[in-house]
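Summary of the model geometry
One letter stands for each residue in the lines below.
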Amino acid sequence: MKKKIVYAGYIIIVTVFFLYYLFPGDAVTAYINYQINNKSPGVQLSITELKPSFPPGMQLFAPNLLYQNQPIIAADFLEVKPSYTSLFSKDKIFFITGDIYEGRLDSSILVANISANPAFEFDASFENIQISQIPAIKEFESYQISGIADGNIVYSNTEVPAGKGNAGIIVTDSMVRFTPALFGIDQLVFKTINADFEIVNQRVTLKKLDVDSREVSAHASGSIILKNPINKSTVNIRGEIKLHPTFIKQLANILPIEMITKKKSKTGGIPFRITGALDQPNFSLK
């Protein structure tokens, strides 16, 4: 009896070993890419390597999702596992975790109807994301952004066919470099940036934006109309910015101090507006 158990265990181990190392990753990757392109024209998935994982799941090495040849999201490594209890129900749930932009992603997606137009709900949280590594951020020409982002996003197409969701993000240790300089300022360093968004179709509503730094603090809201490529999206944001004393002294070497103080509102802030394309926005003090 013991020998039978040993032999059975040996056969299982050998089978698992060969299934893992002889797994047809290229063929499966090609099939997945084919299915994605059929169901969502213009969307392409690129995976360097694909392997099975245990408990049953899938490991994706260097996956890269593109839309009309524009990078949407990329990762160093992702692991996809199903909720085993959902496999026997109409709604399938998959857990997606991994390393992305030097940070961590933990998410789940519920697919209610696996068809040409699936209904889905996506819930994700992320931490320690290096935003300077995000492809869309790299496309900006007039400024470069760096920082560490934590946040969450909930998105689905169950109510609105093109998609609806909410997102919250906190960016710390952030810096913006301007090319060329903005009002003679080469860069700004921010302690925290806290933002809440609502997404409906191609419109992103900035419900709240709070910025805090040694130089300035600001509050704003507005909207972004998404376009392809993403850096051509149009922005319309209004808010108030408060200049701290040290920063006012710095600006005094560039702008007349009366010009700055004259624009202050009753709350002590200076109204501002950002409009135009996302990659080359127009910034004005009102």
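Our subject in this report is the structure included herewith. (Residues numbered from 1 in each chain as written. Predicted model: local features only at pLDDT ≥ 70, side-chain atom pairs only at ≥ 80, totals over all residues. Heavy atoms only, no water.)

A few words on the overall build of the chain. Check the secondary structure of the chain and you find 5 helices and 17 strands. Counting every position in the chain, which comprises 286 residues, the buried fraction comes to 32%. Put simply, 41% of the contacts in the chain that link residues at least 6 apart link residues at least 24 apart. Carbon and sulfur atoms provide 60% of the accessible area of the chain, an area that totals close to 17300 Å². (Helix = DSSP H or I, 4+ residues; strand = E, 2+ residues; numbered from the N terminus. Buried < 20%, exposed > 50% of the residue type's maximum accessible area, 1.4 Å probe, protein only. Contact = heavy atoms within 4.5 Å. Areas by Shrake-Rupley, 256 points an atom, 1.4 Å probe, with all protein chains shown as cover.)

The biggest cluster of nonpolar side chains holds 45 residues, and the ones touching the most others in it are Phe190, Leu209, Ile241 and Leu243. Ranked by the residues each element gives to this core, the list is headed by strand β12 (residues 185-200), at 6 residues. Apart from residues lying up to four places away in sequence, Phe190 is in contact with Asp173, Ser174, Val176, Val211, Asp212, Ser213 and Val216. (Core = buried A, V, L, I, M, F, W, Y, C linked by side-chain atoms within 4.5 Å.)

You can see Asp123 is positioned in strand β9 (residues 120-130). Taking the C-alpha atoms as reference, Asp123 lies 8.6 Å from Asp106; in sequence the two are 17 residues apart. Those residues in contact with Asp123, other than ones at most four positions away along the chain, are Asp106, Ser107, Ser108, Ile153 and Val154.

What follows deals with the side chain of Ser223. With respect to the helices, strands and loops of the structure, Ser223 is situated in strand β14 (residues 216-225). Under the relative-accessibility criterion, Ser223 is labelled buried at 11%. Looking at Ser223, its side chain comes within polar contact range of the side chain of Arg203, at 3.4 Å. Setting aside residues no more than four positions away along its own chain, Ser223 makes contact with Arg203, Val204, Thr205, Leu206, Thr234, Val235, Asn236 and Ile237. (Polar contact = N/O pair within 3.5 Å; in protein donor to acceptor, adjacent residues only side chain to side chain.)

Another point: unusual backbone geometry. Although it is not a glycine, Asn128 adopts a positive phi angle of roughly 60°. We note that Asn201 has phi near 55°; this positive angle belongs to a residue other than glycine. Along the chain, the position of Asn201 falls in the loop between β12 and β13 (203-212).

Moving on, we come to the environment of Val204. Its place among the elements puts Val204 in strand β13. We classify Val204 as buried; its relative accessible area is 10%. When the C-alpha positions of Val204 and Ser223 are compared, they lie 5.6 Å apart, and in sequence the two are 19 residues distant. Aside from chain neighbours lying at most four places away, what touches Val204 is Phe197, Glu198, Ile199, Gly222, Ser223, Ile224 and Leu226.

Structurally, Glu121 can be placed in strand β9. Its relative accessible area of 39% is what places Glu121 among the partly exposed residues. Between the C-alpha atoms of Glu121 and Val154, which are 33 residues apart in sequence, the distance is 7.5 Å. Not counting the four nearest positions on each side in its chain, Glu121 is found in contact with Ser108, Ile109, Leu110, Tyr155, Ser156 and Thr158.

On to the pairing of β12, then. Two elements, strand β11 (residues 164-182) and β12, share 14 bridges in a ladder whose sense is antiparallel. Within β12, the position partnered with Arg177 by the bridge is Gln187. Here β12 hands over to β13 after 2 residues, with Asn201 in that stretch at a positive phi of 55°. (Pairing = 2+ DSSP bridges.)

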